[in-house]
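In case you want the letters, here they are:
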Amino acid sequence: MTVLKPNAKFARFIRKKRSETKRALKKGDLTLNKLLNDNDLYKEIISNMKVFELLKSLPKTGRVRADKILKKLKINYCKKMGGLGKNQKKNFLNYFNIEIEKKGKLFIISGPSGAGKSSLISDALNGTSGFVRSVSVTTRPKRKNEKDGEKYRFISNKQFENLKKNEKLLECAAYCGYSYGTPKDFVQKQLEAGANVILEIEVQGAMQVKNIIEDAYMIFITVPSIINLKERLGKRNTEECIEIKKRMKTSEEELKYQKYYDCIIINNNYNEALLNLKNLLNSQKE
Ligand code: 5GP
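Treat the numbers as computed from the prediction; the structure is a model and nothing was measured. (Residues numbered from 1 in each chain as written. Predicted model: local features only at pLDDT ≥ 70, side-chain atom pairs only at ≥ 80, totals over all residues.)

> Quick one: what's the story with the overall build of the protein, residue by residue and with numbers?
Helix and strand counts for the protein come out as 13 helices and nine strands. When the backbone C-alpha atoms are referred to their principal axes, the protein occupies close to 75 × 40 × 35 Å. The buried share of the protein, taken over its 286 residues, is 25%. (Helix = DSSP H or I, 4+ residues; strand = E, 2+ residues; numbered from the N terminus. Buried ≥ 20, exposed ≤ 12 C-beta atoms within 10 Å, placed from the backbone.)

> Summarise the environment of asparagine 97; cite the residues concerned and give the values.
Inspection of the secondary structure assignment puts asparagine 97 in the loop between α6 (86-95) and β1 (106-110). With 64 residues separating them along the chain, asparagine 97 and asparagine 33 place their C-alpha atoms 8.5 Å apart.

> Run through the sheet that holds strand β2 (residues 131-133), naming residues and quoting values.
Strand order in this open sheet of five strands is β2-β7-β1-β8-β9, and the pairing throughout is parallel. The sheet is open, and its two edges are formed by β2 and β9 (263-266), each paired on a single side. Recorded for the sheet is a direction-independent mean angle of 25° between the axes of neighbouring strands. In the packing of helix α7 (residues 117-125) onto the sheet, the strands contacted are β1, β2, β7 (196-200) and β8 (217-222), and the crossing angle to β7 comes to about 165°. (Pairing = 2+ DSSP bridges. Axes fitted to C-alpha atoms, helices over the stretch in contact; angles between N-to-C directions. Contact = placed C-beta atoms within 7 Å.)

> An account of the nonpolar core is needed here, citing residue identities and associated values.
Core analysis: the largest hydrophobic core is formed by 36 residues, its most contacted members being Phe107, Ile108, Ile109, Val197, Leu199 and Ile219. For this core, the leading source of residues is β8, giving five residues. Every residue in contact with isoleucine 109, bar those within four places of it in the chain, is listed here: Lys117, Ile121, Ile198, Leu199, Glu200, Ile219 and Ile221. Counting residues in hydrophobic clusters, the runner-up holds eight residues, among them Val51, Leu54, Leu55 and Ile75. (Core = buried A, V, L, I, M, F, W, Y, C linked by C-beta atoms within 7 Å.)

> Mind laying out the domain arrangement of the protein, listing which residues take part and the relevant values?
Considered domain by domain, the protein is made up of domain 1 (8-95) and domain 2 (106-284). In this structure, domain 1 and domain 2 have C-alpha centres spaced 38 Å apart. (Domains from an automatic or database assignment.)

> Account for unusual backbone geometry, with residues named and values stated.
Even without glycine at this site, glutamate 167 takes up a positive phi of about 55°. In this fold, glutamate 167 is placed in the loop between α8 (157-165) and β5 (169-175). Exposure remark for glutamate 167: the 8 C-beta atoms within 10 Å place this residue in the exposed category. The residue cysteine 176 is not glycine, and still its phi comes out positive at about 50°. Locating cysteine 176 in the fold gives a position in the loop between β5 and β6 (178-183). With 16 C-beta atoms counted inside 10 Å, the residue cysteine 176 sits in the partly exposed group.

> With reference to specific residues and values, describe helix α10 (residues 203-212).
For α10, the complete set of buried residues consists of Val203, Gly205, Ala206 and Val209. Angular distribution of buried residues about the axis of α10 spans 150°; they occupy a single face of the element. Buried residues in α10 make contact with β1, β5, β6, β7, β8 and α12 (241-255). (Arc of directions from axis to C-beta.)

> A description of the packing of helix α11 (residues 226-236) against α12 should follow, citing residues and the corresponding values.
Look at α11 against α12: their axes get within 11 Å of each other, and the N-to-C directions meet at 150°. Judged on the interaxial angle alone, α12 and α11 are roughly antiparallel. As α11 runs across α12, the sense of the crossing is right-handed. Residue-level inspection shows Ile226, Leu229, Lys230, Leu233 and Gly234 of α11 in contact with α12, the latter providing Ile244, Arg247, Met248, Ser251 and Glu252. Residue classes in the contact of α11 with α12 are distributed as five nonpolar, two polar and three charged. (Parallel < 35°, antiparallel > 145°, perpendicular 65-115°, else oblique. Left-handed = near helix turned anticlockwise from the far one by under 90°. Nonpolar A, V, L, I, M, F, W, Y, C, P; charged D, E, K, R; others polar.)

> Talk me through the sheet that holds β5; I want residue IDs and the actual numbers.
The strand order β4-β3-β6-β5 describes an open sheet built from four strands, whose pairing is mixed. Every other strand in the sheet has two partners, leaving β4 (152-154) and β5 as the edge strands with one partner each. Across the sheet, the mean angle separating the axes of adjacent strands is 25° when strand polarity is ignored. Bridge analysis of strand β3 (residues 136-138) against β4 gives three bridges, and the strand direction is parallel. Looking at the pairing, valine 137 lines up with arginine 153 of β4. On top of the sheet, helix α9 (residues 184-192) reaches β5 and β6; it is set at about 30° to β6, its chief contact.

Quick look at the structure:
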(Lines give C-alpha, C1' and ligand atoms only; values in the text may rest on other atoms or scores of the structure.)
Protein backbone atom coordinates (compact mmCIF):
# COMPACT_ATOMS: atom_id res chain seq x y z
CA MET A 1 0.00 0.00 0.00
CA THR A 2 1.58 3.28 -1.07
CA VAL A 3 0.60 6.83 -0.28
CA LEU A 4 1.26 8.83 -3.39
CA LYS A 5 0.49 12.48 -3.95
CA PRO A 6 -0.41 13.88 -7.38
CA ASN A 7 2.31 16.48 -7.91
CA ALA A 8 5.02 17.13 -10.51
CA LYS A 9 7.58 15.05 -8.63
CA PHE A 10 5.13 12.19 -8.47
CA ALA A 11 4.35 12.48 -12.20
CA ARG A 12 8.09 12.26 -12.99
CA PHE A 13 8.40 9.25 -10.71
CA ILE A 14 5.54 7.49 -12.50
CA ARG A 15 7.02 8.24 -15.96
CA LYS A 16 10.34 6.79 -14.85
CA LYS A 17 8.70 3.70 -13.37
CA ARG A 18 6.63 3.24 -16.53
CA SER A 19 9.76 3.28 -18.74
CA GLU A 20 11.52 0.84 -16.40
CA THR A 21 8.47 -1.43 -16.45
CA LYS A 22 8.32 -1.41 -20.26
CA ARG A 23 12.03 -2.21 -20.52
CA ALA A 24 11.70 -5.06 -18.00
CA LEU A 25 8.76 -6.49 -19.97
CA LYS A 26 10.63 -6.34 -23.28
CA LYS A 27 13.68 -8.05 -21.80
CA GLY A 28 11.53 -10.71 -20.16
CA ASP A 29 12.62 -9.72 -16.63
CA LEU A 30 8.98 -8.99 -15.80
CA THR A 31 5.99 -10.98 -17.06
CA LEU A 32 2.61 -9.53 -17.95
CA ASN A 33 1.09 -11.92 -15.44
CA LYS A 34 3.22 -10.62 -12.58
CA LEU A 35 2.64 -7.02 -13.60
CA LEU A 36 -1.14 -7.30 -13.73
CA ASN A 37 -1.23 -9.16 -10.44
CA ASP A 38 0.78 -6.47 -8.67
CA ASN A 39 -1.89 -4.09 -7.51
CA ASP A 40 0.42 -1.20 -6.69
CA LEU A 41 2.29 -1.34 -9.97
CA TYR A 42 -0.86 -1.88 -11.96
CA LYS A 43 -2.85 0.91 -10.40
CA GLU A 44 -0.20 3.57 -10.36
CA ILE A 45 1.85 2.74 -13.40
CA ILE A 46 -0.13 0.75 -15.88
CA SER A 47 -3.72 1.91 -15.57
CA ASN A 48 -2.88 5.17 -17.34
CA MET A 49 -0.95 3.47 -20.13
CA LYS A 50 -2.53 2.81 -23.53
CA VAL A 51 -3.20 -0.88 -24.13
CA PHE A 52 -1.36 -0.50 -27.45
CA GLU A 53 1.72 0.86 -25.68
CA LEU A 54 1.69 -1.99 -23.19
CA LEU A 55 1.32 -4.59 -25.95
CA LYS A 56 4.25 -3.09 -27.85
CA SER A 57 6.39 -3.55 -24.73
CA LEU A 58 5.90 -7.31 -24.74
CA PRO A 59 8.70 -9.54 -26.04
CA LYS A 60 8.51 -10.25 -29.78
CA THR A 61 5.72 -7.72 -30.18
CA GLY A 62 5.92 -4.67 -32.38
CA ARG A 63 3.34 -2.30 -33.80
CA VAL A 64 1.90 -4.84 -36.25
CA ARG A 65 1.32 -7.61 -33.70
CA ALA A 66 0.04 -5.13 -31.11
CA ASP A 67 -2.41 -3.77 -33.65
CA LYS A 68 -3.61 -7.29 -34.56
CA ILE A 69 -4.24 -8.12 -30.89
CA LEU A 70 -6.18 -4.89 -30.37
CA LYS A 71 -8.36 -5.70 -33.41
CA LYS A 72 -8.94 -9.26 -32.24
CA LEU A 73 -9.95 -8.07 -28.76
CA LYS A 74 -12.04 -5.23 -30.21
CA ILE A 75 -10.13 -2.66 -28.18
CA ASN A 76 -9.83 0.89 -29.47
CA TYR A 77 -6.32 2.14 -30.25
CA CYS A 78 -6.64 5.00 -27.71
CA LYS A 79 -7.97 2.86 -24.86
CA LYS A 80 -5.99 2.92 -21.64
CA MET A 81 -5.55 -0.18 -19.47
CA GLY A 82 -7.52 1.41 -16.63
CA GLY A 83 -10.35 2.29 -19.02
CA LEU A 84 -11.03 -1.26 -20.23
CA GLY A 85 -14.60 -2.41 -19.76
CA LYS A 86 -15.31 -5.55 -17.72
CA ASN A 87 -15.61 -7.79 -20.81
CA GLN A 88 -12.64 -6.21 -22.57
CA LYS A 89 -10.51 -6.81 -19.51
CA LYS A 90 -11.74 -10.40 -19.28
CA ASN A 91 -10.94 -11.01 -22.96
CA PHE A 92 -7.53 -9.38 -22.57
CA LEU A 93 -6.67 -11.64 -19.61
CA ASN A 94 -8.02 -14.74 -21.41
CA TYR A 95 -5.97 -13.94 -24.50
CA PHE A 96 -2.78 -13.97 -22.43
CA ASN A 97 -3.95 -16.80 -20.16
CA ILE A 98 -3.67 -14.63 -17.09
CA GLU A 99 -5.56 -15.25 -13.89
CA ILE A 100 -5.81 -12.32 -11.53
CA GLU A 101 -5.45 -13.29 -7.90
CA LYS A 102 -8.62 -12.14 -6.16
CA LYS A 103 -8.06 -9.45 -3.55
CA GLY A 104 -10.65 -8.42 -1.01
CA LYS A 105 -12.29 -5.02 -0.71
CA LEU A 106 -12.11 -2.73 2.26
CA PHE A 107 -15.32 -1.26 3.68
CA ILE A 108 -15.23 1.67 6.07
CA ILE A 109 -18.36 2.16 8.12
CA SER A 110 -18.72 5.29 10.24
CA GLY A 111 -21.49 7.28 11.84
CA PRO A 112 -22.38 9.03 15.06
CA SER A 113 -22.42 7.12 18.31
CA GLY A 114 -25.85 5.62 18.89
CA ALA A 115 -26.80 5.38 15.20
CA GLY A 116 -26.85 1.59 15.42
CA LYS A 117 -23.71 0.79 13.36
CA SER A 118 -22.53 -2.20 15.40
CA SER A 119 -25.90 -3.98 15.48
CA LEU A 120 -26.55 -3.29 11.81
CA ILE A 121 -23.12 -4.62 10.83
CA SER A 122 -23.48 -7.76 12.97
CA ASP A 123 -26.95 -8.50 11.61
CA ALA A 124 -25.93 -7.72 8.02
CA LEU A 125 -23.00 -10.13 8.24
CA ASN A 126 -25.11 -12.87 9.76
CA GLY A 127 -25.47 -15.35 6.90
CA THR A 128 -23.36 -13.28 4.50
CA SER A 129 -20.10 -14.90 3.43
CA GLY A 130 -16.75 -13.41 2.43
CA PHE A 131 -16.49 -10.70 5.10
CA VAL A 132 -14.34 -10.27 8.19
CA ARG A 133 -14.46 -7.50 10.79
CA SER A 134 -11.29 -5.89 11.99
CA VAL A 135 -10.69 -5.92 15.75
CA SER A 136 -9.57 -2.46 16.88
CA VAL A 137 -7.31 -1.54 19.75
CA THR A 138 -8.50 1.05 22.22
CA THR A 139 -7.52 2.67 25.49
CA ARG A 140 -11.19 3.08 26.44
CA PRO A 141 -12.17 1.01 29.50
CA LYS A 142 -14.04 -2.19 28.76
CA ARG A 143 -17.80 -2.01 29.21
CA LYS A 144 -19.71 -4.65 31.19
CA ASN A 145 -21.07 -6.41 28.11
CA GLU A 146 -17.75 -6.43 26.21
CA LYS A 147 -15.16 -9.22 25.88
CA ASP A 148 -11.51 -8.49 25.17
CA GLY A 149 -10.62 -9.54 21.61
CA GLU A 150 -14.17 -9.51 20.26
CA LYS A 151 -14.70 -6.00 18.93
CA TYR A 152 -11.71 -4.46 20.69
CA ARG A 153 -8.44 -5.34 22.29
CA PHE A 154 -8.33 -3.15 25.38
CA ILE A 155 -4.81 -1.85 25.87
CA SER A 156 -2.95 0.74 27.94
CA ASN A 157 -1.86 4.18 26.71
CA LYS A 158 1.72 2.93 26.66
CA GLN A 159 0.87 -0.10 24.55
CA PHE A 160 -1.10 2.12 22.20
CA GLU A 161 1.80 4.56 21.82
CA ASN A 162 4.15 1.65 21.09
CA LEU A 163 1.92 0.33 18.32
CA LYS A 164 1.75 3.80 16.85
CA LYS A 165 5.49 4.36 17.10
CA ASN A 166 6.25 1.02 15.45
CA GLU A 167 3.83 1.80 12.59
CA LYS A 168 1.62 -1.16 13.42
CA LEU A 169 -1.59 0.83 12.98
CA LEU A 170 -3.29 1.48 9.66
CA GLU A 171 -4.98 4.50 11.23
CA CYS A 172 -5.63 5.89 14.66
CA ALA A 173 -7.67 8.65 16.25
CA ALA A 174 -8.70 10.16 19.53
CA TYR A 175 -12.39 9.93 20.35
CA CYS A 176 -13.96 11.46 23.48
CA GLY A 177 -10.68 11.29 25.39
CA TYR A 178 -9.58 7.76 24.38
CA SER A 179 -7.43 6.40 21.57
CA TYR A 180 -8.65 3.96 18.94
CA GLY A 181 -6.71 2.28 16.14
CA THR A 182 -6.83 -0.41 13.46
CA PRO A 183 -4.00 -2.98 13.49
CA LYS A 184 -2.41 -2.90 10.04
CA ASP A 185 -1.23 -6.51 9.66
CA PHE A 186 -4.63 -8.12 10.02
CA VAL A 187 -6.25 -5.87 7.41
CA GLN A 188 -3.43 -6.34 4.90
CA LYS A 189 -3.34 -10.11 5.29
CA GLN A 190 -7.11 -10.51 4.98
CA LEU A 191 -7.30 -8.32 1.88
CA GLU A 192 -4.43 -10.23 0.27
CA ALA A 193 -6.23 -13.49 1.06
CA GLY A 194 -9.30 -12.21 -0.79
CA ALA A 195 -11.53 -11.43 2.20
CA ASN A 196 -13.66 -8.30 2.29
CA VAL A 197 -12.72 -6.41 5.43
CA ILE A 198 -15.03 -4.19 7.46
CA LEU A 199 -13.67 -1.36 9.58
CA GLU A 200 -16.14 0.26 11.92
CA ILE A 201 -14.26 3.46 12.70
CA GLU A 202 -14.89 7.13 13.35
CA VAL A 203 -14.43 9.81 10.69
CA GLN A 204 -10.83 10.95 11.30
CA GLY A 205 -9.57 7.38 10.99
CA ALA A 206 -11.81 6.87 7.95
CA MET A 207 -10.17 9.79 6.16
CA GLN A 208 -6.69 8.43 6.92
CA VAL A 209 -7.57 5.01 5.51
CA LYS A 210 -9.18 6.46 2.37
CA ASN A 211 -5.96 8.36 1.74
CA ILE A 212 -4.02 5.10 1.72
CA ILE A 213 -6.51 2.69 0.19
CA GLU A 214 -8.28 4.73 -2.46
CA ASP A 215 -10.77 2.09 -3.50
CA ALA A 216 -12.09 1.55 0.02
CA TYR A 217 -15.89 1.80 -0.01
CA MET A 218 -17.22 4.23 2.58
CA ILE A 219 -20.61 3.91 4.23
CA PHE A 220 -22.04 6.43 6.71
CA ILE A 221 -24.80 5.23 9.02
CA THR A 222 -26.86 7.93 10.68
CA VAL A 223 -30.30 8.72 12.10
CA PRO A 224 -32.91 11.22 10.84
CA SER A 225 -32.10 13.80 13.52
CA ILE A 226 -29.58 14.50 16.26
CA ILE A 227 -32.41 14.25 18.84
CA ASN A 228 -32.78 10.56 17.96
CA LEU A 229 -29.13 10.04 18.88
CA LYS A 230 -29.57 11.44 22.37
CA GLU A 231 -32.58 9.18 22.98
CA ARG A 232 -30.71 6.12 21.70
CA LEU A 233 -27.57 6.79 23.72
CA GLY A 234 -29.70 7.25 26.84
CA LYS A 235 -31.58 4.00 26.20
CA ARG A 236 -28.55 1.82 25.58
CA ASN A 237 -27.36 2.55 29.10
CA THR A 238 -23.65 1.99 28.41
CA GLU A 239 -22.39 5.52 29.02
CA GLU A 240 -22.52 7.96 31.92
CA CYS A 241 -24.37 11.26 31.44
CA ILE A 242 -21.15 13.23 30.95
CA GLU A 243 -19.95 10.69 28.39
CA ILE A 244 -23.25 11.03 26.49
CA LYS A 245 -22.75 14.80 26.35
CA LYS A 246 -19.24 14.36 24.93
CA ARG A 247 -20.48 11.87 22.37
CA MET A 248 -23.33 14.15 21.29
CA LYS A 249 -20.87 16.98 20.70
CA THR A 250 -18.56 14.69 18.70
CA SER A 251 -21.54 13.39 16.71
CA GLU A 252 -22.37 16.89 15.51
CA GLU A 253 -18.81 17.17 14.18
CA GLU A 254 -18.98 13.72 12.61
CA LEU A 255 -22.13 14.56 10.66
CA LYS A 256 -20.13 17.17 8.74
CA TYR A 257 -18.08 14.35 7.17
CA GLN A 258 -21.05 12.60 5.54
CA LYS A 259 -20.23 14.24 2.22
CA TYR A 260 -17.01 12.25 1.89
CA TYR A 261 -18.80 8.90 2.02
CA ASP A 262 -19.92 6.81 -0.97
CA CYS A 263 -23.26 6.01 0.58
CA ILE A 264 -25.40 7.17 3.52
CA ILE A 265 -27.81 4.84 5.28
CA ILE A 266 -30.41 6.46 7.50
CA ASN A 267 -31.38 4.17 10.33
CA ASN A 268 -34.96 5.28 10.82
CA ASN A 269 -36.54 1.87 10.36
CA TYR A 270 -34.07 -0.83 11.52
CA ASN A 271 -35.16 -3.55 9.08
CA GLU A 272 -35.03 -1.19 6.13
CA ALA A 273 -31.58 0.05 7.13
CA LEU A 274 -30.44 -3.55 7.56
CA LEU A 275 -31.68 -4.53 4.11
CA ASN A 276 -29.96 -1.49 2.59
CA LEU A 277 -26.67 -2.34 4.28
CA LYS A 278 -26.87 -6.02 3.29
CA ASN A 279 -27.62 -5.16 -0.34
CA LEU A 280 -24.84 -2.60 -0.42
CA LEU A 281 -22.23 -4.94 1.01
CA ASN A 282 -23.23 -7.73 -1.36
CA SER A 283 -23.27 -5.52 -4.42
CA GLN A 284 -19.90 -3.92 -3.66
CA LYS A 285 -17.94 -6.90 -2.36
CA GLU A 286 -15.21 -8.52 -4.45
P1 5GP B 1 -17.14 3.05 21.14
O2 5GP B 1 -16.35 3.62 22.27
O3 5GP B 1 -18.58 3.47 21.18
O4 5GP B 1 -16.99 1.57 21.00
O5 5GP B 1 -16.52 3.69 19.80
C6 5GP B 1 -16.40 5.07 19.66
C7 5GP B 1 -16.11 5.42 18.20
O8 5GP B 1 -14.82 4.92 17.86
C9 5GP B 1 -17.09 4.81 17.22
O10 5GP B 1 -17.42 5.79 16.26
C11 5GP B 1 -16.32 3.68 16.60
O12 5GP B 1 -16.76 3.42 15.28
C13 5GP B 1 -14.93 4.28 16.61
N14 5GP B 1 -13.86 3.28 16.48
C15 5GP B 1 -13.86 1.98 16.88
N16 5GP B 1 -12.70 1.39 16.56
C17 5GP B 1 -11.95 2.32 15.94
C18 5GP B 1 -10.67 2.30 15.34
O19 5GP B 1 -9.95 1.31 15.30
N20 5GP B 1 -10.23 3.46 14.78
C21 5GP B 1 -11.00 4.60 14.77
N22 5GP B 1 -10.49 5.68 14.19
N23 5GP B 1 -12.20 4.64 15.33
C24 5GP B 1 -12.69 3.52 15.89
